[in-house]
Amino acid sequence: MADIAELTALIEPEVKALGFALVRIKLFGSGDEYTLQIMAERPETKQLVIEDCATISRRLSDVLDEADPIEEAYRLEVSSPGIDRPLTRLHDFIEWAGHEAKIAAAETVSGRKSFRGVLKGVEGEDILFTDVKAGEVVIPFALVGDAKLILTDALIAASMPLSSDGADEFETEE
């Protein structure tokens, strides 16, 4: 299985060269069913449109074909992080402060490994968090195993689409 740090070193400069920010790289699957998932965003909007995904996919396909960093056969998937996005970078916890999130810690923090509540920001390398059960908690960023935003009305309002043109126009088969 390919090393994520090596893949990141190969992929991130290409994504940045196109004007996007890399959110996450994930390689998952087993046997002959592997997927290399690349999540990226436009720094100014925190979103991608289909054309952006296609642009990144074409660029990465060429780079990955040339470097051949993954021994197994795989499918390349490029996507936006979505509304209930994963929180993978320290600045994600700053940018999305005030929103609800779930955090799974790799080790016990304040007697727990699982948290659900509101992001309060960052202090140094620590995430400030108000958990619904534990109250105020400080979670070292280095111990975050998995984190994502929770879909709420406030999050939807903060993540309005770039364009809703055509959203109300659809065809059905009769």
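Residues numbered from 1 in each chain as written. Predicted model: local features only at pLDDT ≥ 70, side-chain atom pairs only at ≥ 80, totals over all residues. Heavy atoms only, no water.

So, on to the nonpolar core. Here is a general trend for soluble globular proteins: nonpolar side chains tend to be buried in one another's company. Formed by 19 residues in total, the largest nonpolar core has its most connected members in Ile11, Val15, Leu36, Ile38 and Ile56. Every element with two or more residues in this core is listed here: helix H1 (4-17), strand E1 (21-30), strand E2 (33-41) and helix H2 (50-67). If near-sequence neighbours (up to four positions away) are discounted, Ile38 is found in contact with Ile11, Leu22, Arg24, Ile25, Leu60, Leu76, Glu77, Val78 and Ser79. (Core = buried A, V, L, I, M, F, W, Y, C linked by side-chain atoms within 4.5 Å. Buried < 20%, exposed > 50% of the residue type's maximum accessible area, 1.4 Å probe, protein only. Helix = DSSP H or I, 4+ residues; strand = E, 2+ residues; numbered from the N terminus. Contact = heavy atoms within 4.5 Å.)

Here the focus is a negative patch on the surface. On the surface, a cluster of negative charge is made up of Asp62, Asp65, Glu66, Asp68 and Glu71. Tracing the backbone through its elements, the reader meets Glu66 in helix H2. (Patch = residues over 30% accessible without salt bridge, like charges linked within 9 Å, V, L, I, M, F, W, Y side chains within 5 Å. Areas by Shrake-Rupley, 256 points an atom, 1.4 Å probe, with all protein chains shown as cover. Salt bridge = Lys/Arg side-chain N within 4 Å of Asp/Glu carboxyl O. Lys, Arg positive; Asp, Glu negative; His and termini not counted. Charge placed at Lys NZ, Arg CZ, Asp CG, Glu CD.)

Further remarks concern the confidence of the model for the protein chain. Chain-level pLDDT for the protein chain is 91 on average; 91% of the residues reach the 70-or-more range. Taken element by element, the protein chain is modelled with least confidence in helix H4 (residues 153-158), mean pLDDT 90, and with most confidence in strand E6 (residues 126-131), mean pLDDT 98. (pLDDT = per-residue confidence, 0-100.)

Quick look at the side chain of Glu41 now. With respect to the helices and strands, Glu41 occurs in strand E2. In this structure the side chain of Glu41 is engaged in a polar contact, spanning 2.4 Å, whose partner is the side chain of Arg85. Beyond its immediate chain neighbours, meaning those up to four positions away, Glu41 contacts Phe20, Ala21, Val23, Lys46, Gln47, Leu48, Pro81, Arg85 and Arg89. (Polar contact = N/O pair within 3.5 Å; in protein donor to acceptor, adjacent residues only side chain to side chain.)

It is worth spelling out the pairing of strand E4 (residues 100-109) at this point. Bridging between E4 and strand E5 (residues 112-123) involves six bridges; their strand directions are antiparallel. Paired with Ala101 across the bridge in E5 is Gly117. Between E4 and the antiparallel strand that follows it, E5, lie two residues; Ser110 among them carries a positive phi value of about 50°. As defined by bridge partners, E4 adjoins strand E8 (residues 144-149) across five bridges and the pair is classed as antiparallel. Residue pairing across strands places Ala104 opposite Asp146, the latter belonging to E8. (Pairing = 2+ DSSP bridges.)

Two pairing modes exist for strands in a sheet, parallel and antiparallel, and in both the strands are linked by backbone hydrogen bonds. Across the sheet, which stays open at both edges, the five strands sit in the order E7-E6-E5-E4-E8 with antiparallel pairing between neighbours. The open sheet terminates on both sides in strands that have one partner only, identified here as strand E7 (135-140) and E8. Direction aside, the axes of adjacent strands within the sheet are offset by 40° on average. Note that E5 and E6 share six bridges and pair antiparallel. Along E6, the bridge assignment pairs Val118 with Thr130. (Axes fitted to C-alpha atoms, helices over the stretch in contact; angles between N-to-C directions.)

What the three strands build is an open sheet, ordered E1-E2-E3; its pairing is mixed. A single partner strand is all that each edge strand has here, and the edge strands are E1 and strand E3 (74-79). Between one strand axis and the next, the sheet turns through 15° on average, direction left out of account. In this structure, E2 lies alongside E3, joined through six bridges in parallel fashion. Bridging across to E3, Met39 finds its partner in Ser79. Its contacts with the sheet put H1 on E1 and E2, and the angle it makes with E1 is roughly 140°.

Moving on, we come to a nonpolar patch on the surface. There is a patch of nonpolar side chains on the surface, built from Ile83, Leu151 and Ile156 and spanning about 240 Å² of accessible area. If you trace the backbone, Ile156 turns up in helix H4. Residue class for Ile156 comes out partly exposed when judged on its relative accessible area of 36%.

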